[in-house]
Amino acid sequence: MYWNWKIGGPLLGLTFVLAVALMKPIGVSTQFVILDAMIADWISPTVVVEDSAAASGYASSNAYLNKSGGKYAAEVANPLNYSFVFVLSMVLGGLLGRRFQPRLGKQPKIRQLPAAHELQFGHNTMQRYLLAFCGGVLVLWGARLAGGCTSGHMMSGMMQTAISGYLFAAAAFATAVPTAMLIYRREE
Amino acid sequence: MELILAIVLGTAFGFVLQRIGAADPDKIIGMLRLTDLHLMKTILCAVGVSSGLLFLGMAAGLIDSSHLSVKESYTGVVVGGLVLGVGWAVSGFCPGTGVVAAGTGRRDALVFIVGGLIGAGIFTVSYVALKETAIFDSLLGGKSTLADTGAYPSLLTGNGTLVAVLVAVFLIGLSIALPLRLRKRRADSDEKRDNNPLMPRH
C-alpha cells in the first residue's frame, strides 16, 4: 500500500522545502557524472588534479568537470560532500520505506518485473533489463543536457517558479506520455 | 554537520519517494499511460505545497533567498527533457526514483543505474563538442522565475509571494480536480462502442 496523494503530496512538498531551507534545492542527476568521474579518476588519477589557480582548488582535463571553476572536479576529489552523500542516503530511504510499508502479514517479495512489462512482453527478464538499461542511458544523457532531472528541474525548479522547470516538465511529459502509450499498450 | 543533514534529508527523500509509489515502475508507467494518475496528483500537490511554503517562508524571513538555486533556460533544457521523457517511459525510472528503487531491492533499477552512468558518461565526454553549438544559448531571460524571489529576474513583476501563492493554489486545485484516470481501460471503451450504434463494431 502506498500513501494517498493527500498525505504523500504535502509530505513530498515539505521534504523539498526543508531541503532548501536547511541547505539547497534537491537534485540527483549531477551525481551520476560525479560517480563516473570518481571511477575515471580511480582508473587514471590525472582526470582530477589539485590546482590552486582554480576557484574550487581543483581542475580537470574534462571541460564539463572543469566548468564553473572546477566545481564538479572538487566534488570528485572529495566524495564525502553534501550532494553525493544525499543521493547515497536515498538508497537507505528506499530500503526503509519498503521495510516499514504497511502490510497485511508477512512482507511479500518485491515484484521484480513490472506488471505492465509482463502484460506486454511476457515474463522476459532479459528484455526488462535491456529496456531499463536503454532507458537509463537516455534519461541521464537527457538530464545532463537539460542541466537537471525530475528532482532538480521538475520539483525543485517548479517549486521556485523557475521558467526552466516549467519548460523541462512540459518537454519530458510531451515525449513520455506517447512513448508509454505506444510501448505498454496492452491492457489486462 | 553538512553530512548529517545530507544523510537525514537524503534518507527522508528516499523514504517519501518509496512511500508515494514513485520508485515503482508500474506507478510511473500507469501515470504516463494516463490510466493511473494517482502519482500525478501527488506530484502536482507536492509542487504546489512546496512552492507556496517556500515563498511564504521567505516572506516570513524563515528561509534565506540565498539558498535558492534557479537553473538557466536554454534550448538544451527542452531537448534534454524530450530525450529524458522517452527513457523515463521506457524504463519507468528517473534518476532519483531509480536510486530509491535500487534500495527497495529491484534488480532492474541497478541495471537502470548502470545505463544512467553510461549515459551521463557519454554526455560528459561529448560536452566539449556540444558547447560549440547553440544548444546552451540562453532562452527567456536565462535564470529567470515566474514569481519575484528577490534573487533572480522574474517574468512577472509585483508581489512575488502573492504570485507564488496563486500558482500554488492553482497547482493544488489541479491536483484535486484531476481524475484518477484520463483514459479508460480498453474493456470499458469496447463496452461503450458495443452500446453505441454510431461507432463501428470490431
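Reading the values: the criteria
- Residue numbers here run from 1 along each chain, matching the order of that chain's written sequence.
- In the order they appear in the text, chains get letters beginning with A and ligands get numbers beginning with 1.
- It should be noted that, the model being predicted, local features are given only for residues of pLDDT at least 70 and side-chain atom pairs only at 80 or more, the latter also being counted only at that level, while totals for whole chains, interfaces and linings use all residues.
- Processing note: side-chain calculations cover all non-hydrogen atoms of the structure and skip hydrogens and water entirely.
- The numbering of helices and of strands both runs from the N terminus, where a helix is a DSSP run of H or I of at least 4 residues and a strand a run of E of at least 2.
- Only C-alpha atoms enter the radius of gyration; for comparison, a globular chain is expected to reach 2.2 Å times N to the power 0.38, where N is the number of residues.
- When accessible area is computed with a 1.4 Å probe and restricted to protein chains, residues below 20% of their type maximum are described as buried, those above 50% as exposed, and intermediate ones as partly exposed.
- When checking whether two residues touch, look at their non-hydrogen atoms; a contact exists if any pair is within 4.5 Å.
- The Shrake-Rupley method, run with a 1.4 Å probe, gives the accessible areas here. Residue values count only the displayed protein chains as cover.
- In this count, Lys and Arg are taken as positive residues and Asp and Glu as negative ones, while His and the chain termini are left out.
- Where a charge sits is defined by one atom per residue type, namely NZ (Lys), CZ (Arg), CG (Asp) or CD (Glu).
- Within the patch definition used here, like charges are joined within 9 Å and nonpolar side chains (Val, Leu, Ile, Met, Phe, Trp, Tyr) within 5 Å, considering only residues with over 30% relative accessible area and no salt bridge.
- Each salt bridge in this description consists of a side-chain nitrogen of Lys or Arg and a carboxyl oxygen of Asp or Glu lying within 4 Å of one another.
- What marks off one domain from the next here is an automatic or database domain assignment.
- Accessible surface is computed with a 1.4 Å probe, and the buried area is the amount of it that two parts give up when combined, taken over both parts together.
- In protein, a polar contact requires one atom able to donate a hydrogen and another able to accept it; more generally it is a pair of N or O atoms within 3.5 Å, and residues adjacent in sequence count only if both atoms are side-chain atoms.
- Throughout, nonpolar core names a set of buried Ala, Val, Leu, Ile, Met, Phe, Trp, Tyr and Cys residues whose side chains join them through atoms within 4.5 Å.
- To define axes, lines are fitted to C-alpha atoms, for helices over the stretch in contact only, and angles between the resulting N-to-C directions are given on a 0 to 180 degree scale.
- What sets the label is the angle itself: under 35 degrees gives roughly parallel, over 145 gives roughly antiparallel, 65 to 115 gives roughly perpendicular, and the rest give oblique.
- Each residue receives one of three labels: charged for Asp, Glu, Lys and Arg, nonpolar for Ala, Val, Leu, Ile, Met, Phe, Trp, Tyr, Cys and Pro, and polar for the others, Gly being one of them.
- Pairs were defined over the aromatic rings of Phe, Tyr and Trp, the Trp ring being its six-membered one, requiring ring centres within 6.5 Å. Orientation was assigned from the angle between planes: stacked under 30 degrees, edge-to-face over 60, tilted for the rest.

## Observations regarding the overall build of chain B
Within chain B, the regular secondary structure consists of 8 helices and 0 strands. What you see in chain B, going N to C, is helices and strands ordered as α-α-α-α-α-α-α-α. Taking 17 Å as the expected radius of gyration for a compact globule of 202 residues, we find that chain B reaches 21 Å, considerably beyond that expectation. Taking the principal axes of the C-alpha coordinates as reference, chain B spans close to 60 × 45 × 40 Å. Put simply, chain B has 202 residues, and 52% of those count as buried. Considering only residue pairs separated by 6 or more positions, chain B has 57% of its internal contacts joining residues 24 or more positions apart. Accessible area for chain B stands at about 8800 Å²; split by element, carbon and sulfur atoms hold 66% of it. Charge separation in chain B, taken as the distance between the mean sites of 17 positive and 14 negative side-chain charges, equals 9 Å.

## Here we look at a nonpolar patch on the surface
A cluster of nonpolar side chains, contributed by I7(A), L11(A), L14(A) and L53(B), occupies part of the molecular surface with about 300 Å² of accessible area. Looking at the nonpolar patch element by element, the count peaks at 3 residues for helix 1 (residues 5-22) of chain A. Secondary-structure assignment places L11(A) in helix 1. Given a relative accessible area of 32%, L11(A) falls into the partly exposed group.

## Observations regarding the domain arrangement of chain A
Where the parts come together, the accessible area they lose is often given as the size of the interface. Residue and element names in this part refer to chain A. Looking at the assigned domains, one finds that chain A contains domain 1 (1-109) and domain 2 (111-188). Computed from C-alpha coordinates alone, the two centres of domain 1 and domain 2 are separated by 19 Å. Of the residues lining the interface, 15 residues belong to domain 1; the matching set on domain 2 comes to 12 residues. Of the roughly 980 Å² buried between domain 1 and domain 2, counting both surfaces, carbon and sulfur atoms make up 67%. Looking at the side of domain 1 facing domain 2, the largest losses of area belong to F16, P25 and S29, adding up to 45% of the total buried there. Applying the counting rule to domain 1 against domain 2 returns 0 salt bridges. Where domain 1 packs against domain 2, one counts 4 residue pairs in polar contact (both at pLDDT 80 or more). Within the residue set of the side of domain 1 that touches domain 2, elements represented by two or more residues are helix 1, helix 2 (30-43) and helix 3 (63-77).

## Considering the nonpolar core
Core analysis: the largest hydrophobic core is formed by 100 residues, its most contacted members being L12(A), F86(A), M90(A), F13(B), L32(B) and W88(B). Residue contributions to this core reach at least three from each of two domains, namely domain 1 (1-109) and domain 2 (111-188) of chain A. Setting aside residues up to four positions removed in sequence, L12(A) forms contacts with M155(A), F13(B), V16(B), L17(B), I20(B) and A46(B). Membership of the second largest hydrophobic core comes to 5 residues, among which are A116(A), L131(A), Y184(A) and V90(B).

## Notes on the packing of helix 2 of chain A against helix 3 of chain A
Residue and element names in this part refer to chain A. As a packed pair, helix 2 and helix 3 sit with axes 9 Å apart at the nearest point and diverge in direction by 70 degrees. In terms of their interaxial angle, helix 2 and helix 3 are classed as roughly perpendicular. Two secondary-structure elements touch here, helix 2 through T30, Q31, V33, I34, A37, M38 and D41 and helix 3 through Y64, L65, Y72, E75 and V76. Class assignment for the residues of the contact of helix 2 with helix 3 results in 8 nonpolar, 2 polar and 2 charged.

## Topic: the interface of chain B and chain A
On the chain A side, the residues contacting the 114 residues of chain B number 112 residues. Buried area between chain B and chain A, summed over both chains or domains, comes out near 10200 Å², and the portion from carbon and sulfur atoms is 74%. Counting the contacts that link chain B with chain A gives 1 salt bridge. Between R128(A) and D108(B) there is a salt bridge whose closest N-O contact spans 2.8 Å. Counting across the interface, chain B meets chain A through 36 residue pairs in polar contact (both at pLDDT 80 or more). Elements with a contribution of two residues or more to the side of chain B that touches chain A: helix 1 (2-19), helix 2 (25-32), helix 3 (38-59), helix 4 (75-91), helix 5 (95-103), helix 6 (107-131) and helix 7 (160-177) of chain B.

## Focus on the pattern of salt bridges
A complete count under the given rule lists 4 salt bridges over all chains for this structure. In this structure, the salt-bridge partner of R111(A) is E118(A), at a minimum N-O distance of 3.8 Å. Take R111(A): its relative accessible area is 48%, and that puts it in the partly exposed class. Residues joined in a network through salt bridges with shared partners are R128(A), R106(B) and D108(B).

## Notes on the packing of aromatic side chains
Tallying each qualifying case throughout the model produces 14 aromatic pairs over all chains. Pairing F16(A) with F13(B) gives two aromatic rings, centres 5.2 Å apart and planes at 85 degrees, and the pair type is edge-to-face. Of this pair, F16(A) sits in helix 1 while F13(B) is found in helix 1, placing the two residues in two different chains. Take F16(A): its relative accessible area is 1%, and that puts it in the buried class. With 6.0 Å between their ring centres and 35 degrees between their planes, Y82(A) and F86(A) make a pair best called tilted. Residue Y82(A) and its partner F86(A) are both found in helix 4 (residues 82-99); the two are separated by 4 residues, about one turn of the helix. There is no split in this pair, since Y82(A) and F86(A) are both buried.

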